[in-house]
Structures are given as structure tokens and as C-alpha cells.
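The residues making up each chain are set out below.
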Amino acid sequence: MTEREYQVCAFCVMDTSDPDITFDTNGRCNHCRDFETLRGTVWFPDDEGARRLERMIEEVKDEGRGRDYDCVLGLSGGIDSSYLALKAHEWGLHPLVVHVDAGWNSELAVQNIERVIKHCGYELHTHVVNWEDMRELQLSYLRAAVANQDVPQDHAFFAGLYHFATENKIRYVLNGGNAATEGVFPEAWHGAAMDAKNLKAIHKAYGTQPLTDYPLISFSQYYFWYPIAKRMTPVRPLNLMPYSKEQAVTELEKIGWRSYPRKHGESLFTKFFQNYYLPTKFGYDKRRPHLSSLIASGGITRERALELLDEPLYEEEELRRDRQYLCRKLRISDMEFEDLMGRPIHHYTDFANWDRKYARMKAAQTRISRVLGRDVSVYR
Ligand SMILES: [Zn+2]
């Protein structure tokens with residue numbers, strides 16, 4: 001394979017660190033071009049969004065009439081979910097608020113969660129993931145050296161949330177995901193976090209002990225049982241309004257919530273993984289897709305994004321401290337850490353996964369949708 005010549009998009013800041021990126025004759029990449037298709041399909045930062053949002057709020061309220069809760073909301077303490085909680089409170093919703101604690105909360109995250117809960121008058125349900133399971137999986141992923149080291153946390157987070165929603169017979173799950181800040185998403189950098197088959201295969205290849213009660217969600221639960229039999233419906237209200245991080249921070253700071261010095265400062269693992277492991281080992285800088293989303297959604301200029309990219313991912317002292325913390329927490333020595341950093345890279349498809357099953361399901365959904373004349377896909 002020949003090394004590809006470096007190129008950065010002339011409109012956003014995505015570059016050839018995404019092996020699948022393509023450019024048109026104007027030097028514009030597929031990511032910011034594809035972003036345009038989100039507007040009016042999943043992203044409505046306009047009057048249409050306001051109408052859709054109002055309708056969504058009414059539906060959620062209807063669902064909860066006569067009950068303690070009308071929806072479930074997963075709160076990580078990060079900006080998106082904290083802001084969503086604040087909005088849910090303003091809209092008069094009664095979410096069952098769940099925090100899945102995977103063991104990596106920063107002190108500030110814990111404080112921020114408390115502040116949001118207190119302000120909204122919500123009750124917090126915390127699910128603590130068995131730490132030995134978490135450690136076992138994270139070490140397996142580090143040994144496998146796949147790009148998405150966040151899978152053990154993310155899978156536990158969503159599996160925990162969805163199981164809890166269906167156990168409590170709550171249909172709507174509020175999700176802080178949004179196009180404005182994360183619409184640009186290079187597929188090649190990831191492995192699906194919900195793919196339990198892939199997670200189990202990686203654990204089987206690199207684990208040293210069985211998992212005890214790690215929350216897994218199966219393919220049939222995720223794609224059939226929960227959304228169809230249980231009618232579970234994840235909704236993304238932040239896509240139905242103009243959403244800007246600055247404004248969210250301003251509003252959140254009024255209730256005592258405080259900004260993280262670095263993106264994903266709510267989880268010490270994610271922070272270290274995104275700002276050190278991923279760029280060092282894979283050359284993937286997650287700020288690129290994030291800033292490109294902001295450029296495409298009109299939240300920032302390309303010049304400003306380039307300035308921000310020039311800033312270091314880590315200060316030396318902070319990196320030393322975080323690395324030490326990570327090693328202590330995972331109970332590995334400095335040398336073991338260096339060994340993990342040096343492991344040969346794998347792609348998630350080197351391990352069993354449900355990609356083909358997913359493709360078959362998608363094809364079936366398209367056929368059924370055509371016959372029924374309506375979209376039957378889930379998790380849009
Ligand atoms: Zn671009």
C-alpha cells in the first residue's frame with residue numbers, strides 16, 4: 001500500500017488521518033459535504049425544529065400522564081447531557097435520571113451532576129458498573145489495541161440506560177447526541193460501541209478472567225426486542241434547536257455547573273484516551289471531527305478551528321498526572337503501560353462482530369419500509 005499524500009479539507013479541518021476521506025475538485029471533503037444532508041433530515045435548527053420539539057415534548061408528557069416519570073435521561077455530567085437535563089426541566093418533563101458510573105468520573109463531573117440534579121429537583125439513580133469487569137474489559141481493549149477504547153464505558157452506559165428504561169416501562173429515552181457538535185464522524189476511527197459480539201470476541205482474545213455482571217445488550221434486544229416489542233424510543237431534542245456549546249455553558253454556569261478544562265473531562269479515561277492514546281498511537285485527533293462539525297453547523301470559523309488545533313492536546317504535567325492515575329487505577333506498572341502503547345494495532349473487524357447481521361437487517365428494513373410505505377428503521 002502506498003502512503004497517501006497529506007491533505008486537509010479546504011472547508012472544514014478533516015484530513016487524511018481519516019483513511020476513507022475523499023475530496024472533490026474544490027478540495028472539499030465528503031464529511032462537510034455529507035453534513036448538508038443532515039439538515040432537514042435529522043437536524044432542524046429552525047422553526048421546523050421548534051415545531052417538532054414542541055410535538056415531541058407533548059408526546060413525552062402524554063406518555064407519562066398518571067405516572068412518576070415520562071422519560072429516561074442518562075446524565076454523565078458532561079456538557080450535552082447536563083444541558084439536556086436543564087432543558088428537560090424547563091420543558092416540564094419528569095425524567096428518571098440515571099448515571100452509569102464506570103469508575104472514571106472526575107471530581108468535577110461528580111460536582112456537576114450534583115448541581116444539575118439539585119437545580120432540577122430530580123432524583124438521581126446511579127448504577128455502578130462492577131469495577132473488576134470494567135478493568136478486565138479495558139485491559140483487554142488496550143491489549144487488542146483497537147481504535148475505539150471507549151467501547152467498554154459506552155456499551156455499559158447505553159446498555160445500563162436501555163435496560164433500566166425497559167425495566168421501568170418507560171418508552172422515551174432522552175439522548176444528548178446532536179449533529180451540531182458531532183455530525184462529522186469518521187466511521188473508520190470507530191467500532192460500534194453497541195456491538196456486544198465484538199466486545200465479547202475482544203475479551204475472549206485478550207481477557208484473563210470471566211466477566212461477572214457487566215451490562216451487555218444483545219443484537220436482538222437492541223434492534224428488535226427493545227424498540228419494537230417494548231417500543232423504546234431514543235429521542236435527540238438537541239437536534240431540534242440551534243445548539244451551541246458556548247450558550248449551553250453560559251446557561252449551565254448560572255446553576256453552578258463548571259466547564260471542564262478539556263473535552264470529555266467528565267471521564268478521566270475518555271480524556272486520556274482521546275487526548276493521548278488515540279492521537280499518539282493512531283494519529284486520530286478527535287478535535288478534528290468535532291471542530292469540523294462546528295464549522296459545518298456554523299458555530300465556528302475555519303480559522304478559529306485551525307488555531308484551536310494548534311494548541312497542545314495535553315500539558316506535560318497534566319499528562320504525567322493523568323497517566324499515573326490511569327496506571328494506578330488499572331493496576332499496571334509504567335512498563336506494562338509502555339508495552340500496551342507499543343502493541344500492534346488491530347481493526348475491530350479483526351474480531352467477530354455483527355456488521356453483516358446489521359447490513360442484512362438494514363436491507364430487510366428498507367424492503368419492509370417500501371412495502372409499508374413508512375420508515376421502520378430504529379435509532380435514526
Ligand atoms: Zn470538509
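Placed above this text is the structure.
How each quantity is defined
- Sequence order as written defines residue numbering, which begins from 1 separately in each chain.
- A pLDDT threshold of at least 70 governs which residues receive local features in this predicted model, and a stricter bar of 80 or more applies before side-chain atom pairs are shown or counted, although totals over entire chains, interfaces and linings include all residues.
- In computing side-chain values, all of the structure's heavy atoms are included and hydrogens and water are not.
- Any pair of Phe, Tyr and Trp rings, taking the six-membered ring for Trp, is counted once the centres come within 6.5 Å. Such a pair is stacked with planes under 30 degrees apart, edge-to-face with planes over 60 apart, and tilted for the rest.
- The secondary structure listing takes helices from DSSP runs of H or I that are at least 4 residues long and strands from runs of E that are at least 2 residues long, numbered from the N terminus.
- Throughout, exposure labels follow a simple rule: accessible area from a 1.4 Å probe, protein chains only, divided by the maximum for the residue type, with under 20% read as buried, over 50% as exposed, and the rest as partly exposed.
- Nitrogen, oxygen and sulfur within 2.8 Å of a metal are treated as its donors, or within 3.2 Å for sodium, potassium and calcium (Na, K, Ca); water is not counted, so a site can appear incomplete.
- A site with four donors is called tetrahedral when every donor-metal-donor angle falls between 85 and 135 degrees; four donors are called square planar, and six octahedral, when opposite donors sit more than 155 degrees apart and all other angles fall between 65 and 115; any other arrangement is irregular.
- When DSSP locates at least two bridges between a pair of strands, those strands are taken to pair.
- With the strands pointing away from the viewer, any crossover whose connection runs clockwise from the first strand over the helix to the second is right-handed.
- To obtain an axis, a line is fitted to C-alpha atoms, over the contacting stretch when the element is a helix, and the angle between two such axes runs from 0 to 180 degrees between their N-to-C directions.
- In this scheme, roughly parallel covers angles under 35 degrees and roughly antiparallel covers those over 145, while 65 to 115 is roughly perpendicular and the rest are oblique.
- The criterion used for residue contact is that any of the two residues' heavy atoms lie within 4.5 Å.
- Classification used: nonpolar for Ala, Val, Leu, Ile, Met, Phe, Trp, Tyr, Cys and Pro, charged for Asp, Glu, Lys and Arg, polar for all others including Gly.
- Points on a 1 Å grid, built from protein atoms alone, make a cavity when a 1.4 Å probe fits but cannot get out and make a pocket when they are open with protein on both sides within 12 Å along at least 5 of 7 lines; residues with an atom within 4 Å of a point are the lining residues.
- Grid points are joined across faces, edges and corners, and a volume is the space filled by probe spheres set on the points.
- N or O atoms closer than or at 3.5 Å make up a polar contact, with two conditions inside protein: a donor-capable atom paired with an acceptor-capable one, and, for residues adjacent in sequence, both atoms drawn from side chains.
- In this scheme, a helix's expected span is set at 1.5 Å multiplied by one less than its residue total.
- The arc refers to the directions leading from the helix axis to the C-beta atoms.

Caption draft 1: Summary view of the packing of aromatic side chains. Across all of its chains, the model carries 24 aromatic pairs by this definition. With 5.3 Å between their ring centres and 55 degrees between their planes, Trp104 and Phe269 make a pair best called tilted. Here Trp104, found in the loop between strand E2 (95-101) and helix H4 (107-120), pairs with Phe269, found in helix H11 (residues 268-282); they are 165 residues apart in sequence, far enough to count as distant. As far as the burial class goes, Trp104 and Phe269 line up, both buried. On the basis of an interplanar angle of 45 degrees and a centroid distance of 6.2 Å, the ring pair of Tyr277 and Phe282 is categorised as tilted. Comparing Tyr277 with Phe282, the two get one shared label, buried.

Caption draft 2: Expanded view of the coordination of the zinc ion. Coordination of the zinc ion by the protein comes from Cys9 (SG), Cys12 (SG), Cys29 (SG) and Cys32 (SG), over a distance range of 2.3 to 2.4 Å. Of note is the zinc ion, whose four donor atoms meet at the metal with angles of 102 to 116 degrees in an arrangement that counts as tetrahedral. In the primary structure, the donors to the zinc ion are separated according to the pattern C-x2-C-x16-C-x2-C. This pair shows no difference in class: Cys9 is buried, exactly as Cys12 is.

Caption draft 3: Spotlight on the pairing of E2. Along E2, seven of the seven residues are buried, which leaves the element largely enclosed by surrounding structure. Here E2 shows no split at all, with Pro95, Val97, His99 and Asp101 on one side and Leu96, Val98 and Val100 on the other all buried. As judged from the four bridges shared by strand E1 (residues 71-74) and E2, these two strands associate in the parallel manner. What sits directly across from Gly74, in E2, is Val98. In this view, the connection linking E1 to its parallel neighbour E2 by way of helix H3 (residues 79-90) has right-handed handedness.

Caption draft 4: Just the packing of helix H14 (residues 316-330) against helix H15 (residues 334-341), in detail. Between H14 and H15, whose axes approach to 10 Å, the crossing angle comes to 100 degrees. Relative to H15, H14 is oriented roughly perpendicular. Residues Arg323, Leu326 and Cys327 of H14 form the contact with H15, whose own contacting residues are Asp334, Phe337 and Glu338. The class makeup of the residues in the contact of H14 with H15 is three nonpolar, no polar and three charged.

Caption draft 5: Inspection of empty space enclosed by the protein at higher detail. Taken as a whole and judged by the stated rule, the model has two cavities of 30 Å³ or more. One number sums up the size of the largest cavity: a volume of about 60 Å³. Lining the largest cavity are Leu142, Gln149, Phe269, Phe272, Phe273, Tyr277, Leu326, Phe337, Leu340 and Met341. Tallying contributions element by element places H11 first for the lining of the largest cavity, with four residues.

Caption draft 6: Here's a closer look at the side chain of His203. Tracing the sequence through the fold places His203 in helix H8 (residues 196-206). According to the relative accessible area criterion, His203 is buried, its value standing at 12%. A polar side-chain atom of His203 sits 2.8 Å from a polar atom in the side chain of Glu136. Once you skip the residues sitting within four places of it in the chain, His203 turns out to touch Glu136, Leu137, Ser140, Gln209, Pro210 and Leu211.

Caption draft 7: Region of interest: H4. With 14 residues, H4 should cover 20 Å at 1.5 Å per step; its first-to-last C-alpha distance of 20 Å lies within 8% of that length. By the burial criterion, the buried members of H4 are Leu108, Ala109, Asn112, Ile113, Val116, Ile117 and Cys120. Summarising the axial view, the buried residues of H4 lie within an arc of 165 degrees, below the 170-degree limit, and thus occupy one face. Facing away from the buried surface of H4 by more than 90 degrees, the exposed residues are Glu107, Glu114 and Lys118. Packing partners of the buried residues in H4 comprise H3, E2 and strand E3 (124-128).

Caption draft 8: Quick peek at the environment of Ile368. Secondary-structure assignment places Ile368 in helix H16 (residues 355-372). You can call Ile368 partly exposed: its relative accessible area is 42%. Between the alpha carbons of Ile368 and Lys254 there is a distance of 48 Å; along the sequence they are 114 residues apart.

Caption draft 9: Main features of the environment of Glu36. Within the fold, Glu36 resides in the loop between helix H1 (30-35) and helix H2 (47-64). Given a relative accessible area of 46%, Glu36 falls into the partly exposed group. Sequence separation between Glu36 and Gly183 is 147 residues; the distance between their C-alpha atoms is 9.9 Å.

Caption draft 10: Molecular detail of the side chain of Ser293. Within the secondary structure, Ser293 is located in helix H12 (residues 287-296). A distance of 3.2 Å separates the side chain of Ser293 from the backbone nitrogen of Gly183, its partner in a polar contact. Residues contacting Ser293, with those up to four places away along its chain left out, are Phe35, Ala179, Ala180, Thr181, Glu182, Gly183 and Val184.

Caption draft 11: Spotlight on the sheet that holds E2. Strand order in the open sheet made by the five strands is E3-E2-E1-E4-E5, with parallel pairing throughout. Each edge of the open sheet is held by one strand with a lone partner, namely E3 and strand E5 (233-235). Going from strand to strand, the sheet's axes swing by 30 degrees on average, the running direction of each strand aside.

Structural measurements only, silent on function.
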